[in-house]
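Analysis of the macromolecular model
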Amino acid sequence: MAIDRPDQASVLTLHEPASAMPPAGPLAARLSRRERYAELARALMRSKTFVVGALILLFWILDAMLWRVLATDDPSAVDPTATLRGPSGAHFFGTDDLGRDVFSRVLAGAESVLTVAPAATALGIFGGVAVGLLTGYYRGLVDNVVMRVIDAALAFPLIIIAVLVLAVLGRSTLNVVLVIGIVFTPLVSRTVRSAVLVEREREYVAAAKLRGESGLYIMVAEILPNITAPIAVEATIRLGYAIFTSATLSFLGLGLRPPSPDWGLAVASGRAFLQIAPWIVLFPALALATLVIAVNLVADGLKQVVEE
Amino acid sequence: MAVGTVPAVQIEGLRISYRRRTKLLSVIHDLDLHINPGEAYGLVGESGCGKTTVAMAVMRYLPPNAVVESGRIVFGGENVLTLSESHLRRWRGDRMAMVYQDPGTSLNPSMRVGAQIAEVYRHHRGMSKHEALTAARDMLEKVRITDPGRILRRYPHELSGGQQQRVVIAMALATDPDLLVLDEPTTGLDATVEAEVLDLVEQLRNEFNASILFISHNLGIVARMCERVGVLYAGRLIEEGPAEELFTQPRHPYTLALLRCVPRLGMRKDTQRLDPIPGSLPPLGAEIAGCVYADRCPIARERCRHESPPLYAVNEGHGAACHYHVEVSAIPPSAEATPPAARPIEGGVLLKVDDLVKTYRSAGSDLTAVAGVSFDVRWGEVFGLVGESGSGKTSLAKTLVGLVDATDGRIEFEGAHMSAAKQRKNRELRRKIQMIFQNPDTALNPRHAVRGILRRSLKLLGNLGSRREQEERMLELASSVRLQPRHLELRPAALSGGLKQRVAIASAFAGMPRLVLCDEPVSALDVSVQAAILNLLVDLQLERQVSYVFISHDLAVVHYLADRIGVMYLGWLVDVGPAEAVFNPPHHPYTEALLSAIPSLDLDVPRPRIKLEGPLPSPAEPPSGCRFHTRCPRYLGDVCRDEEPPWQSDGDGHVYRCHIPPDELREAQLAERE
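Quantities reported herein were computed from a predicted structural model and do not represent experimental measurements.

Let's shift gears to the overall build of chain B. For chain B, the helix and strand inventory stands at 25 helices and 24 strands. Here the C-alpha atoms of chain B give a radius of gyration of 26 Å, agreeing with the 26 Å that 2.2 N^0.38 yields for 674 residues. Projected onto its principal axes, the C-alpha positions of chain B cover 75 × 65 × 50 Å. For chain B, with 674 residues in total, the buried portion stands at 55%. Residue pairs in contact within chain B that sit at least 24 positions apart in sequence constitute 67% of those at least 6 positions apart.

In structure tokens:
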């Protein structure tokens, strides 16, 4: 009958972690990696914003790859006998001032945008992640100096910097990619840095330091895998801006050169005929708008899912 | 329930599930309970057992994905679950009120305290602005806040945690509600503040007539505050009864196991092993045919696996959901609970800390977290470090382990001078001094599998080059912390809190350390897991002759584990010595206050509570003279305010920092205990 009776002053503490809301709790946590990705995919599929954006984006990506099959005409074939024709059965979107088929040019124009913008975004993300990791992890003087320089750089409108640099470097697809990528680097680095500032205070970073990991290892192998979500969101947002910026640069005559079916270029050259042949501007502009909106929808959907 | 009384709250057959995609996960399973008018009912259980869900259901604050499948909650003659929204809005804050765990988040940070309390009166009582402010002031007086007039004009962030919780309680009681739901009201607070808040609730019970639903994971607090107690396990009420009877004669194996698995003040590692509960909670929403506890129960039989036990009446007002409740009192402590072999004492000083200072500099103000601390840690010894938040415990640990640089003072390790810079450069030093962190959720990188985490530790600390060597040592290491080989392939998120902490421990022990700093290693864990981790730490220490610096705010845990103890207050070490000497008079008045603040399960002997007046001063502006003088219950006068106290010794290597000499202090403190 020996019951273990508390004979002394007793402290009985059923400790529990501060947050104990069941639904998001242990069950959500006990998923394997594959299940987590499946879960993420399911959540994305439930988001209407994401699905609509992704479908439009998918359409343009397929088009950028397959426009040679889809186009009804050679986009650069000049036809002096059929200039400034309105939309018809022969030319769905009409023809431009040189008699080129606008429908085929719009389809073909996706290729340049969807080459320049993702490449520029990738460059900007890469640079931004590197700068953000270094400044956020090491802090100190370097962080202060770099961040102030970035503040100063950001005081200029993005497009002005791009115009200045391209005027000096000369226009080429590569230069457009470089310029947009470089301009994005400080923007991305700020997002990355703020995520790093949170992660570096976590105890697993302290534990890594205690076992003697190098700074590089901690940044790349410990911190980076834990900030992929904000980076992914930032990348989609940047992609939208990159599309817009590359079109703007083309419009200003600092991007691709004329015979290219680039949308920005088309809007610029069609501007003169806006009164008599609005379709030359309208369709490339609509194409650009749908693409930018699609990317932004994807970004929004992703952001919502990631933040949940 | 006495015949004829109408309960204040009656919960009948309550069944709540959470919707998760297409599935419904059962969280609360056929819960029946009632709270009598003016009664305090305690609901206890470990995390994930459904306590908070019950509280939320009573207030009808359930999250949108919660589904009430059946049952009623009758309050004031009406079913709360079917009440109209407008009705409900009037009731909440008027007839029923709730106090949450974290007072900081239940107050609006952009509103002055006075306006916030006044809002309750204006909304529910239709008072004018001026009347409401006067009423708010009166209410603050009732919750015994010093200088209520001044507090009214403050913003919440300007108040201490204890003051914030008083304000929240004032708001909850403003309308004299019939039901007050307290959901872990003191969990985020320090021991001495917690004691204050509990005292307050106790006093207010005499002035207000509210029935109380008191939710806590702390059995000691519930034992003190409540008349009746219910124990929740996996969403089921498994035992219910009068507090005293339930805690002295538990009739459900789970209640008994809970009472046994925590170290009680007075238990020591060398005389008694802790008795952990084997296994773990069934997963959320699991369909269980028989008794929910059968898998972990020492007396479970075939019948338990397919026949769900009803709440058997075992005594008047005492029920236990166990088919074999008659046998519960005869359950012996589990075989593992035998005391470990006597430990060899090696002697010799491993770590010598001399006048260590750690100051954090920031623009504007310096904060001295550790202000001249000296102590020794001997070979193979556990040095316990206790103190409230802000006392500098963690800063001290981080300095010792080399995560931050010491500002001043000297640290010697194995007789050689040591600094953070040396620790960063010297692999041997890193290997020998490791740390176990408080929160296993953040101490392990969520993106790395256990195998990867341990491999890095073995590679860098264990100096193991080849993969095969690492692999062999990894299995050895994993088994030494009782991890299964299959756990190696999992990521931390797939592990329970206890398993995560085992991985963190394994990682710290990868290089055969000499000194391990344990920063609150069990305070984030549920009790049933806590016992197993503490046992593991004791085993590892004995096997490997490691020294620990063991930081905890839980005095019973420190007393169980530590050979010597240091008590910190505002960056000072105020009391150092062998565990027994520190826990018994004469000891520093602060130690005395800490000990008296422990919520006790010992209901027969009421212990005097030593109250600490006033808030904890900021370490940025420590008080002059003795740092404790602003709150000291044994304040002598000017000498305490003006002069730093000397170290006093009462022999046996026990020293404390106070102006009162040992004989005098002993007499005064023993007199207090009478």
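There's more to say after this.
Below, the discussion takes up the environment of Glu244 of chain B. Residues and elements named next belong to chain B. Note that Glu244 resides in helix H10 (residues 243-248). We classify Glu244 as partly exposed; it has 14 C-beta atoms within 10 Å. It is 6.9 Å that separates the C-alpha atoms of Glu244 and Ala223, two residues lying 21 residues apart in sequence.

All names here are of chain B. You can see Gly566 is positioned in strand S21 (residues 564-569). Between the C-alpha atoms of Gly566 and Pro185, which are 381 residues apart in sequence, the distance is 29 Å. When residues no more than four places from it in sequence are discounted, the contact partners of Gly566 are Phe375, Phe383, Leu385, Leu573, Asp575 and Val576.

What follows is about the sheet that holds strand S11 (residues 312-315) of chain B. All names here are of chain B. Read across the open sheet, the 8 strands follow the order S6-S7-S8-S3-S9-S10-S12-S11; overall the sheet is mixed. Since the sheet does not close on itself, it has two edges, and those belong to strand S6 (96-99) and S11, each with one partner. Across the sheet, the mean angle from the axis of one strand to that of its neighbour is 20°, orientation sign disregarded. Pairing of S6 with strand S7 (residues 179-183) involves 4 bridges; the strand directions are parallel. Note on S7: the bridge partner recorded for Met96 is Leu179. Relative to the sheet, helix H7 (residues 161-173) contacts S6 and S7, its axis offset from that of S6 by approximately 170°.

Before going further, it helps to examine the confidence of the model for chain A. Residues of chain A with pLDDT of at least 70 account for 89%, and the chain-wide mean is 81. Here residues 1-31 of chain A is modelled with pLDDT under 50, and outside its nearest four sequence neighbours on either side it reaches 93 contacts, counting other chains as well.

Bringing the confidence of the model for chain B into the picture now. Residues of chain B with pLDDT of at least 70 account for 95%, and the chain-wide mean is 86. Scored by ipTM, the complex comes to 0.81, with pTM at 0.83.

What follows is about unusual backbone geometry. Trans peptide bonds make up most of the peptide bonds, and negative phi angles are found at most residues other than glycine. Residues and elements named next belong to chain B. The linkage connecting Pro585 with the following residue, Pro586, adopts the cis geometry, with an omega of -5°. Positionally, Pro586 belongs in the loop between helix H22 (579-583) and helix H23 (589-596). Despite not being glycine, Asp176 shows a phi value in the positive range, around 50°. Along the chain, Asp176 falls in the loop between H7 and S7. For Asp176, a count of 12 C-beta atoms within 10 Å translates into the label exposed.

Bringing the nonpolar core into the picture now. A general trend in soluble globular proteins is that nonpolar side chains are found buried together. Ranked by size, the top nonpolar core spans 294 residues in total, and within it Leu213 and Phe550 of chain B carry the most contacts. Take this core: its biggest share by element is 18 residues, from helix H4 (residues 102-138) of chain A. Beyond its immediate chain neighbours, meaning those up to four positions away, Phe550 of chain B contacts Val382, Phe383, Gly384, Leu385, Cys518, Val558, Leu561 and Ala562 of chain B.

The next point concerns the packing of helix H8 (residues 203-210) of chain A against helix H9 (residues 215-223) of chain A. All names here are of chain A. Look at H8 against H9: their axes get within 11 Å of each other, and the N-to-C directions meet at 140°. It follows that H8 is oblique to H9 by the angle criterion. Where H8 crosses over H9, the two elements pack in a sense that is right-handed. Across the interface between the two elements, Tyr204, Val205, Ala208 and Lys209 from H8 touch Ile218, Glu222 and Ile223 from H9.

The next subject is the domain arrangement of chain B. Residue and element names in this part refer to chain B. Entries for chain B in the domain assignment read domain 1 (9-226), domain 2 (248-337), domain 3 (356-449 + 491-569) and domain 4 (585-647 + 661-673). Computed from C-alpha atoms alone, the centre-to-centre distance between domain 1 and domain 2 is 30 Å. Every contact between the two is made by 6 residues of domain 1 and, on the other side, 4 residues of domain 2. The element that contributes the greatest number of residues to the side of domain 1 that touches domain 2 is strand S2 (residues 23-35), accounting for 3 residues. Class assignment of the residues belonging to the side of domain 1 that touches domain 2 gives a composition of 3 nonpolar, 2 polar and 1 charged.

A few words on the pairing of strand S9 (residues 228-233) of chain B. All names here are of chain B. With 6 of its 6 residues buried, S9 lies for the most part within the structure. Neither face of S9 is exposed, since Arg228, Gly230 and Leu232 on one face and Val229, Val231 and Tyr233 on the opposite face are all buried. Bridging between strand S3 (residues 40-44) and S9 involves 4 bridges; their strand directions are parallel. Bridged to Gly42 within S9 is Val229. Inspection of the sheet shows S9 paired to strand S10 (residues 236-242) by 6 bridges, in the antiparallel sense.

Residue and element names in this part refer to chain B. Among the 9 residues of helix H13 (residues 393-401), 9 are classified as buried, and the element is accordingly described as predominantly covered. Turning to H13, its buried residues are Lys393, Thr394, Ser395, Leu396, Ala397, Lys398, Thr399, Leu400 and Val401. Looking one or two residues beyond H13, the residue adopting positive phi is Gly402, at roughly 90°.

Residue and element names in this part refer to chain B. Taking 1.5 Å of rise per residue, 12 residues should cover 16 Å, and helix H19 (residues 497-508) covers 17 Å from first to last C-alpha, within 8% of that figure. Within H19, 12 of the 12 residues are buried, leaving the element largely enclosed by the surrounding structure. Three or more residues of H19 are buried, namely Gly497, Gly498, Leu499, Lys500, Gln501, Arg502, Val503, Ala504, Ile505, Ala506, Ser507 and Ala508.

Turning our eyes to something else, we now look at the packing of helix H3 (residues 48-70) of chain A against helix H12 (residues 279-307) of chain A. Residue and element names in this part refer to chain A. With their axes 7 Å apart at the nearest point, H3 and H12 run at an angle of 140° to one another. By the angle class used here, H3 and H12 are oblique. Between H3 and H12 lies a crossing of left-handed hand. Across the interface between the two elements, Thr49, Phe50, Val52, Gly53, Ala54, Ile56, Leu57 and Trp60 of H3 pack against Thr290, Leu291, Ala294, Val295, Leu297, Val298, Asp300, Gly301 and Leu302 of H12. Residues of the contact of H3 with H12, tallied by class, amount to 12 nonpolar, 4 polar and 1 charged.

Each value, and the rule that gives it
Residues numbered from 1 in each chain as written. Chains lettered and ligands numbered in written order. Predicted model: local features only at pLDDT ≥ 70, side-chain atom pairs only at ≥ 80, totals over all residues. Helix = DSSP H or I, 4+ residues; strand = E, 2+ residues; numbered from the N terminus. Rg over C-alpha atoms; globule rule 2.2 N^0.38 Å. Buried ≥ 20, exposed ≤ 12 C-beta atoms within 10 Å, placed from the backbone. Contact = placed C-beta atoms within 7 Å. Pairing = 2+ DSSP bridges. Axes fitted to C-alpha atoms, helices over the stretch in contact; angles between N-to-C directions. pLDDT = per-residue confidence, 0-100. Core = buried A, V, L, I, M, F, W, Y, C linked by C-beta atoms within 7 Å. Parallel < 35°, antiparallel > 145°, perpendicular 65-115°, else oblique. Left-handed = near helix turned anticlockwise from the far one by under 90°. Domains from an automatic or database assignment. Nonpolar A, V, L, I, M, F, W, Y, C, P; charged D, E, K, R; others polar. Expected span 1.5 Å × (residues − 1).

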